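Reading the structure
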Amino acid sequence: MLIAQPGRMGPLKLRNRIIMGPMGTNYGTTDGFSTERDKFYYGERARGGAAMIITEAMVIQPGARNHTNSLCLFHDRYIPGLAGIVDAIHDGGALAVGQINHRGALLKRSVLGMEPVTASDWHNPNTGEPARAITLPEIDAVQHAFLDSARRLYRAGYDAVELHAANGYLFQQFLSPRINRREDRYGGPIENRMRLLTETVALIRGELPGFPLMVRVSATEYCEGGYTEQDMIALCQALERAGVIAIDMSGGTNESPELSRYCIQPPSFARRFLEPYARPIAKAVGIPTVMAGRVIDPADAEGILQAGSADFVAVCRALVADAWWPRKAFGEIKTPIRKCISCNVCYERLTLERDVACVTNPMVGLEYERIETAEPQLRKNASPPSGRKRILVLGAGVAGVEAARVAAGLGHQVEIWEKAARPGGQMPLALAAPDKADVAGVWTYRWEQIERLGVPVRTGVNASAESIRDFQPDLVVVATGAKPRSLPFPVKTNVPLLHAWDALLEQDRVPHGARVAIIGGGMVGIETADTLIHYRGVKATVIEGLPVIAKEMARNNRYDVLTRLAKGGARVITSAPVESVEGDRIWAMVAGARTRVEAGDLIISAIGPVPNRDILPEVERAGAAYVLAGDCNQIGDFLTAIRDGWMLALAVDMRLPDSRLWKAAVNSPTL
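These lines cover the structure that appears in this document, whether it is placed above or below. (Residues numbered from 1 in each chain as written. Predicted model: local features only at pLDDT ≥ 70, side-chain atom pairs only at ≥ 80, totals over all residues. Heavy atoms only, no water.)

**Topic: the overall build of the protein chain**
For the protein chain, the count of helices and strands is 24 helices and 29 strands. A compact globule built from 671 residues should have a C-alpha radius of gyration of about 26 Å, and the protein chain, at 27 Å, falls within 12% of that. Viewed in the frame of its principal axes, the protein chain has a C-alpha envelope of about 80 × 70 × 50 Å. Burial analysis of the protein chain (671 residues in total) assigns 59% to the buried set. Pairs at least 24 residues apart make up 73% of the contacts formed inside the protein chain by residues separated by at least 6 positions. As displayed, the protein chain offers around 26000 Å² of accessible surface, 51% of which is attributable to carbon and sulfur atoms. Of the side-chain charges in the protein chain, 76 are positive and 74 negative, and the distance between the mean point of each set is 2 Å. (Helix = DSSP H or I, 4+ residues; strand = E, 2+ residues; numbered from the N terminus. Rg over C-alpha atoms; globule rule 2.2 N^0.38 Å. Buried < 20%, exposed > 50% of the residue type's maximum accessible area, 1.4 Å probe, protein only. Contact = heavy atoms within 4.5 Å. Areas by Shrake-Rupley, 256 points an atom, 1.4 Å probe, with all protein chains shown as cover. Lys, Arg positive; Asp, Glu negative; His and termini not counted. Charge placed at Lys NZ, Arg CZ, Asp CG, Glu CD.)

Shown next, in the form of structure tokens:
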């Protein structure tokens, strides 16, 4: 495998070709200090086999904070904490590279009162906020802030520094003729537009000649009026002449959801999609290049190297999903890779100023994210600390299977009972919409281990108090999922009515070309519309009571689906709570007025489910101890379901003993 081969960047020796790309986490403090969470997070990915860890973009000036909890570098007080991160990365066998950044026009006034500045007067299309042109004295101050930050990284023990000149931030704003309309030495031809960056590189190289320097660029802006391929080749060749040891390539700009999709891609984007833009740059320079862009499987990374599109591969969100991706790819850890599904919950949480989480890896950023808790069957001593217990899992959806996977890996005796004819729970629903094939990784990772661990799975089982009692479980995990919720308003109509789940799973029940009214514009509602337009050619109207469509979706993914709906001629009505369905009309309150919406040929309900706890009376009648997991506990998503299953399995060994023994112990005179 090429990805397993060692490589070099200038003076740096890398143990393989896998690099962890820089991604924000919000794991720091509001004062910009690093925390133990940062050490766990980066250290575990170094132990997982990445050759180089590029830590998140750090803040070079007090007035240029990325996020509320971004790591900062504008004072020496931050050095000791960052040195701890470096030690954690080095202890894991990886190189540590610190990325430094100034967001320019993409700074948000809402984050600690930041003032957006950029190349020329401009409005951020994402926030609508104005950004003023940065002055020459301010340019000098920014460049020296980059230098001072690089010095602090050097003192903290980092192996190299990376300047972030990609994804729509200040350096790229100067590079782009869309934004840079200056008439001084920083505007006009590419030689001038690159000057802010090349001067900064020269400043750092002059003051820190022995400190390796990398630069991240967006190989293309993916929009009209941006810089050209020849511009980028000229830039990267100039950076090579200036002594940069590697070019790290991303794409797009985070200035709007439309363009941000090219930085943080939804599942509709092809794997390795950046290659057509990365390869010409890689061929034009003599220094190593790194390429990012929807690298999900080891085969994706291997293909990039074999095609000569880059010398190293930046595995980004896939390393959030599985810290041990490289070692699993190399066959050193004999379990499946827990795959990224490009849901972009990680990025969405950042935009909401929350800490990063991962749908397929709920333990990211926590001390539980260790190989012995993620893959407990790999422990040298697989015996449970408090003795082997009998665990019955009711429900073979994601939450139940995750609980069974971890509990069985810990050495407990586990069996799964499923009422349906096959396991999987709501996975068929999750996979029904177009471009959702990658979501299958949520299931295949867990199911493959259930089979390897030999966990018995019985389908078509109607559990009863008697059958549960006969099993004699020490614990019952109730993971029976959700069920459709009834429409909460009067319905009197002859128009056929389907639930969204039925429409997704049995699409032939929807006539080709039908006029369909979908009540509910959450993720299920808009994905149902997208699916039926794509596969059945329907004319869809989506009615949503809230002012925002699918607010639970990551905005890049939501924009992607809404773009397809617009192209498919869908009508989307927001701020329109439905009051009733009467005959062939749906009545909704729109702008304070009772408004008629034609029901068309079919009404589809997508108003969300309720917990399915139908089995609880039987479990309670059996007298068994039980715990709820997943949607039957609380309606959520894959993240909450998997977290429930994982953590309750880890808690099995921490449960109270049998109540009679507990009472006897409490009443013992020896206590």
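Here the narrative resumes, following the displayed structure.
**Quick notes on helix 6 (residues 195-207)**
An ideal rise of 1.5 Å per residue puts 18 Å on 13 residues; helix 6 measures up with 18 Å between its terminal C-alpha atoms. Every buried residue of helix 6 is accounted for by Leu196, Leu197, Thr200, Val201 and Ile204. Burial along helix 6 is one-sided: seen end-on, the buried residues are contained in an arc of 130 degrees. (Expected span 1.5 Å × (residues − 1). Arc of directions from axis to C-beta.)

**Considering the sheet that holds strand 17 (residues 475-478)**
Strand order in this open sheet of 5 strands is 16-15-14-17-29, and the pairing throughout is parallel. Only two strands of the sheet have a single partner each, and these edge strands are strand 16 (457-459) and strand 29 (626-628). When the angles between neighbouring strand axes are averaged without regard to direction, this sheet yields 20 degrees. Of the strand pairs in this sheet, strand 15 (residues 413-418) and strand 16 are connected by 3 bridges, and their pairing is parallel. Residue pairing for strand 16: Trp417 is matched across the bridge by Arg458. (Pairing = 2+ DSSP bridges. Axes fitted to C-alpha atoms, helices over the stretch in contact; angles between N-to-C directions.)

**A few points about the nonpolar core**
Formed by 117 residues in total, the largest nonpolar core has its most connected members in Met9, Met52, Tyr158 and Leu163. In terms of nonpolar packing, the next biggest core, distinct from the first, is built from 44 residues, Ala357, Ala396, Leu410 and Trp443 among them. (Core = buried A, V, L, I, M, F, W, Y, C linked by side-chain atoms within 4.5 Å.)

**Comments concerning the pairing of strand 24 (residues 578-582)**
Inspection of the sheet shows strand 19 (residues 491-492) paired to strand 24 by 2 bridges, in the parallel sense. Its bridge partner being in strand 24, Lys492 is matched across the sheet by Glu582. Hairpin connection from strand 24 to strand 25 (residues 585-590): 2 residues lie between these consecutive antiparallel strands, with Gly583 at a positive phi of about 65 degrees.

**Re the packing of aromatic side chains**
Following the criterion strictly, the structure yields 14 aromatic pairs and no others. For the ring pair Tyr27 and Tyr41, a centre distance of 5.4 Å and an interplane angle of 85 degrees mean the geometry is edge-to-face. Here Tyr27 is found in the loop between strand 3 (18-20) and helix 1 (36-47), whereas its partner Tyr41 is found in helix 1, with 14 residues between them in sequence. The same class applies to Tyr27 as to Tyr41, namely buried. (Phe/Tyr/Trp six-rings, centres within 6.5 Å; stacked < 30°, edge-to-face > 60°.)

**Focus on the side chain of Arg261**
Along the chain, the position of Arg261 falls in the loop between helix 8 (257-260) and helix 9 (275-284). A distance of 2.6 Å separates polar atoms of two side chains, one belonging to Arg261 and the other to Asp560. Those residues in contact with Arg261 that lie beyond four places of it in its chain are Pro266, Phe269, Asn556, Tyr559 and Asp560. (Polar contact = N/O pair within 3.5 Å; in protein donor to acceptor, adjacent residues only side chain to side chain.)

**Structural notes on the pattern of salt bridges**
Between side chains of opposite charge, a pair can form as their charged atoms come close. Following the criterion strictly, the structure yields 49 salt bridges and no others. The closest approach of N and O atoms between Asp560 and Arg564, which form a salt bridge, is 3.2 Å. Linking Asp560 with Arg564, this pair stays in helix 21 (residues 555-567), spanning 4 residues, or about one helical turn. Given a relative accessible area of 25%, Arg564 falls into the partly exposed group. A salt bridge links Asp584 to Arg585; the shortest N-O distance between them is 3.9 Å. (Salt bridge = Lys/Arg side-chain N within 4 Å of Asp/Glu carboxyl O.)

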